[in-house]
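# Breakdown of the fold
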Amino acid sequence: MIQFHYAPDGTGEGIFKSKFFRNDHGKEEFLIYIFNSSYEKYAERCVKHFNQLSEEIINVICHHIILSAKQHQSGNFTLPELKQNTDILNYCFFQAMIVSIPGDDAKASYIIQGCGDWGEMIGFVVTENILTYVGKNYLPNL
């Protein structure tokens, strides 16, 4: 169960543990953000879904992170040769989940945000078992 703390505008922030991805300290704790206290149960569902991502989906996420890293490398960072796609996770971290507003079908939908050693923000968007975006421009226009 996530314990949320609410701002005066009604947005909530909590902490959960990731089973696979790590934060900038190499730990499993992530922040989670919701837009309204009525989304708490939905947020729990999103965290459960995130922690049950298949190896196949994680591999696809990592593949697209690699493509983004190659496209956005700066002069200070050169992506080394990787033996497997998940090795990219040694060069980036994730720190937060933003829970989408539940739709009519209430499919688990969320954004995971972080940063790469190449100097760019990185994120991915998942809706149920579909990876809908990976890259640096992952936040919708709010």
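In this report, the structure presented in the accompanying data block is examined. Treat the numbers as computed from the prediction; the structure is a model and nothing was measured.

Reading guide: rules and limits
- Residues numbered from 1 in each chain as written.
- Predicted model: local features only at pLDDT ≥ 70, side-chain atom pairs only at ≥ 80, totals over all residues.
- Heavy atoms only, no water.
- Helix = DSSP H or I, 4+ residues; strand = E, 2+ residues; numbered from the N terminus.
- Rg over C-alpha atoms; globule rule 2.2 N^0.38 Å.
- Buried < 20%, exposed > 50% of the residue type's maximum accessible area, 1.4 Å probe, protein only.
- Contact = heavy atoms within 4.5 Å.
- Pairing = 2+ DSSP bridges.
- Arc of directions from axis to C-beta.

## Some details on the overall build of the protein chain
In terms of helices and strands, the protein chain carries two helices and seven strands. Secondary structure elements of the protein chain occur, N-terminal to C-terminal, as β-β-β-α-α-β-β-β-β. Against the compact-globule benchmark of 14 Å for 142 residues, the protein chain has a radius of gyration of 15 Å, which places it among compact chains. Oriented by its inertia axes, the alpha-carbon framework of the protein chain measures out at about 45 × 30 × 30 Å. Every one of the 142 residues in the protein chain was classed for burial, and the buried ones make up 42%. Partitioning the intrachain contacts of the protein chain with sequence separation of at least 6 by distance along the chain shows that 51% fall at a separation of at least 24.

## So, the environment of E13
Turning to its location among the elements, E13 is positioned in strand β2 (residues 12–17). A relative accessible area of 36% places E13 in the partly exposed class. Along the primary structure E13 and I130 are separated by 117 residues, whereas in three dimensions their C-alpha atoms are 25 Å apart. Dropping the residues within four chain positions of it, E13 is found in contact with Q3, F4, H5, L31, I32 and Y33.

## Some thoughts on the pairing of strand β3 (residues 29–34)
Residues F30, I32 and I34 of β3 are buried on one face, while the alternating residues E29, L31 and Y33, pointing to the opposite face, are not. Strand direction decides the pairing type here: β2 and β3, joined by six bridges, are antiparallel. Its bridge partner being in β3, E13 is matched across the sheet by Y33.

## Re helix α1 (residues 40–50)
Burial in α1 covers these residues: Y42, A43, C46, V47, H49 and F50. Along the axis of α1, the buried positions cluster into a sector of 160 degrees, meaning they face one direction only. Exposed residues pointing more than 90 degrees away from the buried face of α1 are listed as K41 and K48. Looking at the buried residues of α1, the elements they touch are β2, β3, β4 (92–99), β5 (109–116) and β6 (121–127).

As far as function goes, none of this settles anything; it's purely spatial.
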